[in-house]
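Listed below, chain by chain, are the residues.
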Amino acid sequence: MPATDAPTPSREQDEPNALPPEVYRQATDQADLAISITDNRANILYANEAFSRVTGYGTGEILGRNESLLSNQTTPRGIYEEMWATLRAGKAWTGRLLNRKKDASLYLAELNISPVQDGAGRTSHYLGMHRDITELHHLECQVRNQKRLIESVVDAAPVVFALMDTQGVVRLDNHEYKKLVTDLGVPEPAHLIMDMACPGWRQKILAQPSACQFVAREARVDQPRGNSRWFSCSCSLIRMHDDSANGFFCGDSMTGLLLAVNDISFLRAEQERARIAALQAMLAEEERIASIRESLSAALFRLEEPMNVMTSAVNLMQRRDPTSARVLNEALAASREYVEGLRQVIPPHGPETHVGVNLNEVLRDVLEICTPRLLAAGVVVDWRPAPTLPHIPARPMQLRVLFKALLENAIEAMNGKGWTRRELTLSTTRAADCIVVRMEDSGPGIPDDVKLHAFEPFFSTKTGSGRHLGTGLARAQQIVSDHGGIIDLEDRNGGGASVVVELRIDGDPL
Ligand code: FAD
């Protein structure tokens with residue numbers, strides 16, 4: 001059959017799925033939302049069942065009444081004015097109002113009012129939809145109060161708190177954390193501290209979050225112009241709910257890192273002061289014993305010289321005057337016995353075992369101990385430690401004695417009357433298998449003839465003072481060679497002396 005012969009479809013056939021008006025009415029009546037329709041003065045013309053349920057007014061008693069019947073008269077005027085201004089502009093309005101039910105109980109209504117316009121674009125009616133959100137508001141307030149409470153507790157705590165997500169973004173912090181941002185001058189101190197306390201935490205948090213948990217680890221932050229800051233930190237994992245829309249159903253919880261940091265700089269400074277004081281006392285004792293040892297050795301050295309001469313003389317006398325020679329021999333034997341007795345009372349070296357030592361730390365200790373002397377002599381110190389140094393097997397106290405002696409030599413060299421240039425450079429560098437410590441002073445330098453004998457025992461150019469036995473550099477060399485290292489004296493570029501100590505990393509003799 002040709003298409004033109006087809007019968008013209010009726011309107012019902014055209015719109016087979018058109019909504020019958022009674023279904024629309026029933027749907028509105030039975031909707032769970034309180035719905036009302038008013039004239040353009042807010043007089044109620046229609047209210048559904050839910051409206052009666054929410055307000056307590058039956059349909060019969062509400063029709064013809066104004067919506068203002070629901071007002072508790074405590075909603076701020078401004079809200080109504082803004083509502084009506086919006087509606088008069090032909091726009092929908094959404095907001096919250098405090099309503100009163102028929103039984104005089106109050107409820108918070110979340111309301112949406114839409115103007116209904118006639119064919120000429122004039123507002124003829126209003127459609128109002130609202131629901132009781134009193135319980136929701138109550139819960140919201142509880143959550144908000146709880147949040148405020150937690151925030152004020154966390155803010156009042158004298159501990160730094162930072163909560164980070166898996167990307168390292170700080171989601172929550174406290175007052176102390178904000179102070180740390182200013183103090184350290186870094187945007188995210190939590191990252192700096194985590195890097196030190198838990199290296200590789202950024203990878204670990206994704207692959208194995210539990211590896212990021214730790215308790216009471218210490219982190220030290222060296223500030224460019226100021227003292228080091230010490231922190232005791234703990235990090236724990238917390239499960240956080242994914243607040244994205246996507247997370248609503250598949251609701252995977254996310255891992256968060258809660259970092260708690262305690263500033264223990266004051267405590268550490270106290271401990272450091274006590275440690276340096278103890279070190280100072282131990283070094284003083286070590287030096288006292290060394291000086292007794294050296295004085296006795298020097299005395300023995302000087303006693304042995306005339307005794308050797310006497311022994312030769314006695315040998316010559318033997319034939320000419322055997323009686324006197326015998327008497328002298330007996331006297332010599334007795335003297336040797338006393339000398340030997342004296343040798344026995346030379347205090348032995350203290351039993352110090354080899355441990356892993358960081359030379360930067362040893363030198364820092366020595367600088368700290370010598371600070372009063374350096375200040376008194378007006379010496380400007382340029383301390384240039386290698387950023388990282390491996391530990392070497394060594395006797396730390398012996399090394400402190402060594403570097404303290406070298407430092408005191410340098411101070412003394414620059415502290416001469418009228419000598420104005422007083423600069424000391426102390427550096428450590430790592431070279432292949434060894435660590436090189438270089439101490440350069442701006443004193444008068446060491447003449448070549450002195451350099452030749454400087455390491456000999458009892459050699460000193462300062463014979464007059466009585467304090468110089470001439471054993472300082474000899475002892476220094478002894479300590480260095482005990483550690484399998486070498487020590488050398490060089491001329492410093494631009495004048496002054498330079499002492500270079502090389503110590504092998506594996507501790508084997510060079
Ligand atoms: P009113 O004297 O009624 O009005 C206060 C101010 O509102 C006036 O100063 C005036 O600027 C403005 N205003 C009032 N009526 C009109 C108007 N017809 N045209 C322009 N401006 C006007 N209020 C509630 O408190 N709770 C409700 O649940 C609620 N539901 C509503 C639902 C609909 C569909 C509509 C249209 C209004 C609804 N209202 C509701 C608003 C209500 O009509 C009153 O405006 C409000 O309750 C304040 O009443 P009132 O007696 O304190 O002051």
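### Some details on the overall build of the protein
- Along its length, the protein carries 16 helices and 17 strands.
- Radius of gyration (C-alpha) of the protein: 46 Å, far over the 24 Å computed for a compact globule of 510 residues.
- The C-alpha extent of the protein, read off along each of the three principal axes, is 165 × 70 × 45 Å.
- When burial is assessed residue by residue, the protein has 34% of its 510 residues classed as buried.
- Taking contacts inside the protein between residues at least 6 apart in sequence as the whole, the part at least 24 apart equals 55%.
- Summed over its atoms, the accessible surface of the protein is roughly 30,400 Å², and 55% of this surface lies on carbon and sulfur atoms.
- Side-chain charges of the protein comprise 55 positive and 66 negative groups, with the mean position of each set lying 5 Å from the other.

### Focus: the domain arrangement of the protein
- According to the domain assignment, the protein contains domain 1 (11-137), domain 2 (157-263), domain 3 (266-350) and domain 4 (352-510).
- Between domain 1 and domain 4, the C-alpha centre-to-centre distance is 91 Å.

### Here's the deal with the site of the ligand
- Neighbouring the ligand are 21 residues, the closest being Gln-73, Arg-77, Tyr-80, Trp-84 and Asn-99.
- In this structure, an oxygen atom belonging to the ligand sits 2.8 Å away from a side-chain N or O atom of Tyr-80.
- Trp-84 is positioned such that a nitrogen or oxygen atom in its side chain is 2.8 Å from an oxygen atom of the ligand.
- Notes on the ligand: free accessible area 900 Å², of which the protein chains cover 77%.
- Secondary structure elements with two or more residues in the shell around the ligand: α5 (77-88), β3 (93-100), β4 (106-117) and β5 (123-132).
- Here the element with the most residues in the shell around the ligand is α5; it accounts for five residues.
- Counted by class, the shell around the ligand contains nine nonpolar, eight polar and four charged residues.

### Observations regarding the side chain of Thr-55
- Secondary-structure assignment places Thr-55 in helix α3 (residues 49-55).
- Assessed through its relative accessible area of 0%, Thr-55 is described here as buried.
- Of note is the side chain of Thr-55, whose polar atom sits 2.8 Å from the backbone oxygen of Phe-51.
- Residues in contact with Thr-55, not counting those within four places in the same chain, are Leu-70, Lys-101, Lys-102, Tyr-107 and His-130.

### A word on the pairing of β3
- Of the two faces of β3, the one holding Trp-93, Gly-95, Leu-97 and Asn-99 is buried and the one holding Thr-94, Arg-96, Leu-98 and Arg-100 is not buried anywhere.
- In terms of strand pairing, β3 meets β4 through eight bridges, oriented antiparallel. When the sheet's bridge partners are listed, Arg-100 is paired in β4 with Leu-106.
- From the end of β3 to the start of β4, which pair antiparallel, there are five residues, and Ala-104 there has a positive phi angle of about 75°.

### Description of the pairing of strand β1 (residues 34-39)
- In terms of burial, β1 is largely enclosed, as five of its six residues are buried.
- With six bridges connecting them, β1 and β5 associate as antiparallel partners. Across the sheet, the residue bridging to Thr-38 is Tyr-126, located in β5.
- Sheet topology places β1 next to strand β2 (residues 44-47); three bridges connect them, and they run antiparallel. Within β2, the position partnered with Thr-38 by the bridge is Ile-44.
- As consecutive antiparallel partners, β1 and β2 are separated by four residues, and within that stretch Ala-42 has a phi angle of approximately 75°, a positive value.

### Points about the environment of Ile-238
- By the secondary structure assignment, Ile-238 is in strand β9 (residues 229-241).
- Note on Ile-238: relative accessible area 32%, which makes it partly exposed.
- Sequence-wise, Ile-238 and Val-160 are 78 residues apart; in three dimensions their C-alpha atoms are separated by 17 Å.
- Not counting chain neighbours up to four residues away, the residues in contact with Ile-238 comprise Leu-163, Met-254, Thr-255, Gly-256 and Leu-258.

Rules of the game
Residues numbered from 1 in each chain as written. Predicted model: local features only at pLDDT ≥ 70, side-chain atom pairs only at ≥ 80, totals over all residues. Heavy atoms only, no water. Helix = DSSP H or I, 4+ residues; strand = E, 2+ residues; numbered from the N terminus. Rg over C-alpha atoms; globule rule 2.2 N^0.38 Å. Buried < 20%, exposed > 50% of the residue type's maximum accessible area, 1.4 Å probe, protein only. Contact = heavy atoms within 4.5 Å. Areas by Shrake-Rupley, 256 points an atom, 1.4 Å probe, with all protein chains shown as cover. Lys, Arg positive; Asp, Glu negative; His and termini not counted. Charge placed at Lys NZ, Arg CZ, Asp CG, Glu CD. Domains from an automatic or database assignment. Near = heavy atom within 4 Å. Polar contact = N/O pair within 3.5 Å; in protein donor to acceptor, adjacent residues only side chain to side chain. Nonpolar A, V, L, I, M, F, W, Y, C, P; charged D, E, K, R; others polar. Pairing = 2+ DSSP bridges.

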